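A closer look at the structure
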Amino acid sequence: MPDSTRREAEDRSEEGSVSLPDLGDSIDAVTFEQILEMDDEEDDREFSRSIVFGFFEQAEQTFKKMDDALKEGDLAQLSSLGHFLKGSSATLGLTKVKDSCEKIQHYGQKKDEEGTVDEPDEAKCLERIKETLVAVKEEYAEVEKVLKKFYGS
C-alpha cells in the first residue's frame, strides 16, 4: 500500500470512523478496518463477524491437519496448509499469524524461513515447522481473544 494511502486510512481511523480496540501488534488495524467497512450496521457487524468467526473455524481445522501432517512428516502438505492459512490470515490483517504461516510454507518447501535458501535436511525442516506451529497457535490464541472481545463473544 502506498504511504499516502496508508496515511489516509490511518487518518480515517483517528477520526473514529470505526471504533477499534487496541489491536496490539498482532493485527494490522488498516487491513482489519477495511473488513469492518463492509458491515451494513456497526451495531451488529454481521458481515465482518461471519468472516472472522469463519476464519476461527478454518484455522482450528487447519491446525489439526498440520498436526497430522507433522506426525506423518509430510512437508508438501505442511507447505500447502501454511500457504492456505497465510492467505486467510493476511485478509484479516493478522500479521503475526500470517508471518508464521509463511515460514511453515517455506520450511515445507525445504527452504529457510525467508524461502530463499535451500535446506535439504528434512528433519531440520520438520523441527522448524514443529517450533513454528507452537508459536503460530499462541499467536492465533492471542488474536482470537482480542477479536472475540471486540465482537462481544
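For the structure itself, consult the block above.
Residues numbered from 1 in each chain as written. Predicted model: local features only at pLDDT ≥ 70, side-chain atom pairs only at ≥ 80, totals over all residues. Heavy atoms only, no water.

**Focus: the nonpolar core**
With 32 residues, the main nonpolar core has Phe 32, Phe 55, Phe 63 and Leu 94 as its most contacted residues. Of all elements in the fold, only α2 (29-36), α3 (46-72), α4 (75-92), α5 (95-108) and α6 (122-150) reach the threshold of two or more residues within this core. For Leu 94, the contacting residues outside a window of four places in its chain are Ser 26, Ile 27, Phe 55, Ser 89, Val 143 and Leu 147. (Core = buried A, V, L, I, M, F, W, Y, C linked by side-chain atoms within 4.5 Å. Buried < 20%, exposed > 50% of the residue type's maximum accessible area, 1.4 Å probe, protein only. Helix = DSSP H or I, 4+ residues; strand = E, 2+ residues; numbered from the N terminus. Contact = heavy atoms within 4.5 Å.)

**Here we look at the environment of Gly 82**
Looking at where Gly 82 falls in the secondary structure, it is placed in helix α4. Distance in space between the C-alpha atoms of Gly 82 and His 106 is 8.4 Å, their sequence separation being 24 residues. Setting aside chain neighbours within four positions, we find Gly 82 in contact with Met 66, Cys 101, Ile 104 and Gln 105.

**Considerations on the pattern of salt bridges**
Within this structure, the stated rule accounts for 10 salt bridges. The partner of Arg 45 in a salt bridge is Asp 39, with the nearest N and O atoms 3.1 Å apart. The buried category is assigned to Arg 45, whose relative accessible area is 5%. Classification of Asp 39 by relative accessible area gives buried; the value is 11%. A salt bridge links Asp 118 to Lys 111, with the shortest nitrogen-to-oxygen separation between them at 2.7 Å. In this structure Asp 118 comes out as exposed when scored by relative accessible area, which is 56%. For Lys 111, a relative accessible area of 23% corresponds to the partly exposed category. (Salt bridge = Lys/Arg side-chain N within 4 Å of Asp/Glu carboxyl O.)

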